[in-house]
Amino acid sequence: MLGHEHLQIDLSHNKGEDNVLGVDEERSIIDDLRYVVARHGLRFVADLSVPGGGRDAEALARIAQQTGLHVVCATGFYWDPVSDWVRESSLANLRDIMIREVQTGIGESGLRCGTIKVGTNHTELDAVFEKIFRAAAAASRLTGTSIITHTTKPEQATWQLDVLEDAGADLSHVLISHLHKANNFSEILAVGKRGAFIGFDQLGFKKGPTIDQVADMVVQVIAHGLGKQLILSADIARKSRLRANGGVGYETTFSECLPLLRQRHVPETQIHQIMYDNPLNVFSIRQDLIVAGDQNE
Ligand SMILES: [Zn+2]
């Protein structure tokens, strides 16, 4: 199961044209996912794109239907950039938008979100992000939905957890993304000790760390008794990473990382825990929140 991917995204406004997965890529994405379903038994993918960042729930529903996968769609707010109306909006309004997208659906589509994604590039907490994170905590508390945070630097995890906890979020349903970038293992441990999930979720990123280095960190996480809180994923968000364009695609976690864990004698039961139980636990998969896939396709 893959807990941090993108099946549709558009960050072209500041990361360039490669950072778009849209209608033109839909066929390649479906073929890529079908390949991973057939080869590795993939059953569930979380698409962590948010409104304004290329999220397309109707495309996700089509992809789910044609691959037989359960696909989770996210509501929430991302920093890239924070739009003016979000800056000016009240906390209650942001909270209610997220609650509506989880409970009623996106617009008139009837497609409901299964997780809340919030993100920041700020190292220090400011008033706008405090509002967004408090709104996310409130929406999570009222809907029973998990929260996935983006960190640009792992040190941001501290204030993110402080704010979420203070606002009443259940940290055992919070996933802090991109912690593989930590320079110091103590940053990862600190997140784990507070009960939150730890994301090593950009496997295969050119800027590193290498998958070999991440595999070493996975072994360390397990040795500290935090194997139940680890999420592995590849954060596919670029055309060039799709199989159709010569990339490893959505298979990356299975084909590039799991063999390195086996080389390091990580037991199969532990690998199963990380790849299956942990994603289900963090997203607390509620059947009614999943865009249903058609297994008979
Ligand atoms: Zn991502």
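Model, not experiment: these values are computed from the prediction. Within each chain, residues carry numbers counting from 1 in the order of the written sequence. Where totals are concerned, whole chains, interfaces and linings use all residues; where local detail is concerned, this predicted model gives features only for residues with pLDDT of at least 70, and gives and counts side-chain atom pairs only at 80 or more. Side-chain metrics in this entry use all non-hydrogen atoms of the structure; hydrogen atoms and water are not considered.

*Asks:* Help me get a handle on the sheet that holds strand E9 (residues 197-200), residues and values and all.
*Replies:* Note on pairing: DSSP must find at least two bridges between two strands before they are called paired. A run of DSSP states H or I qualifies as a helix once it reaches four residues; a run of E qualifies as a strand once it reaches two. Both are numbered from the N-terminal end. Spatial ordering of the open sheet is given by E1-E4-E5-E6-E7-E8-E9-E10, a layout of 8 strands whose pairing is parallel. Each edge of the open sheet carries a strand with a single partner, namely strand E1 (2-5) and strand E10 (230-232). Neighbour-to-neighbour, the strand axes of the sheet open up by a mean angle of 25°, direction not taken into account. Bridging between E1 and strand E4 (residues 44-47) involves 2 bridges; their strand directions are parallel. Angles shown run from 0 to 180 degrees and are taken between the N-to-C directions of axes, each axis being a line fitted to C-alpha atoms and, for helices, limited to the stretch in contact.

*Asks:* Describe the coordination of the zinc ion, with residues and values.
*Replies:* Metal-coordinating donors are taken as N, O and S atoms lying within 2.8 Å of the metal, or within 3.2 Å when the metal is Na, K or Ca; because water is left out, some sites can appear incomplete. Every protein donor of the zinc ion is listed here as His4 (NE2), His6 (NE2) and Asp235 (OD), and their distances to the metal cover 2.1 to 2.3 Å. Taken in sequence order, the residues that donate to the zinc ion follow the motif H-x1-H-x228-D. Taken as a pair, His6 in the loop between E1 and strand E2 (9-10) and Asp235 in the loop between E10 and helix H10 (252-263) lie far apart in primary sequence, 229 residues in all. Each of the two residues, His6 as well as Asp235, counts as buried. The classification of residues rests on relative accessible area computed with a 1.4 Å probe and restricted to protein chains. Under 20% of the type maximum is buried, over 50% is exposed, and intermediate values are partly exposed.

*Asks:* Tell me about the pattern of salt bridges, residues and numbers included.
*Replies:* Salt bridges are defined by distance alone: a side-chain nitrogen of Lys or Arg within 4 Å of a carboxyl oxygen of Asp or Glu. A complete count under the given rule lists 15 salt bridges for this structure. Across the pair Glu251 and Arg39 runs a salt bridge, and its minimum N-O distance is 3.0 Å. Linking Glu251 in the loop between E10 and H10 with Arg39 in helix H2 (residues 26-40), this pair joins segments that are 212 residues apart in sequence. A relative accessible area of 53% places Arg39 in the exposed class. A salt bridge links Arg194 to Glu165; the nearest nitrogen and oxygen atoms lie 2.8 Å apart. Taken together, the residues Arg194 in the loop between helix H8 (185-193) and E9 and Glu165 in helix H7 (residues 156-166) connect sequence positions 29 residues apart. For Arg194, a relative accessible area of 28% translates into the label partly exposed. With relative accessibility at 44%, the residue Glu165 sits in the partly exposed group. Through salt bridges with shared partners, a single network forms among Arg39, Arg243 and Glu251.

*Asks:* For helix H11 (residues 268-283), give the residues involved together with the corresponding values.
*Replies:* Helix length check: H11, at 16 residues, gives a terminal C-alpha distance of 22 Å against a target of 22 Å (1.5 Å per residue), a fit within 8%. Taken together, the buried positions of H11 are Gln270, Ile271, Gln273, Ile274, Met275, Asn278, Pro279, Val282 and Phe283. Downstream of H11 by one or two residues, Ser284 has phi in the positive range, about 40°. The length a helix should cover is 1.5 Å for every residue beyond the first.

*Asks:* Break down the packing of H10 against H11 for me, citing the residues and quoting the values.
*Replies:* Two elements in contact, H10 and H11, have axes separated by 11 Å at closest approach and are oriented at 145°. Every pair of crossing elements has a handedness; the one defined by H10 and H11 is right-handed. Counting all contacts with H10, which are made through Thr253, Phe254, Leu258, Leu261 and Arg262, the residues of H11 involved are Glu268, Ile271 and Met275. Residues are grouped as follows: Ala, Val, Leu, Ile, Met, Phe, Trp, Tyr, Cys and Pro are nonpolar; Asp, Glu, Lys and Arg are charged; every other residue, Gly included, is polar. Classifying every residue of the contact of H10 with H11 by side-chain character gives 5 nonpolar, 1 polar and 2 charged. When the near helix sits turned anticlockwise from the far one by under a right angle, the crossing is termed left-handed; a clockwise turn instead gives a right-handed crossing. A contact between two residues is defined here by any heavy atoms of the two lying within 4.5 Å.

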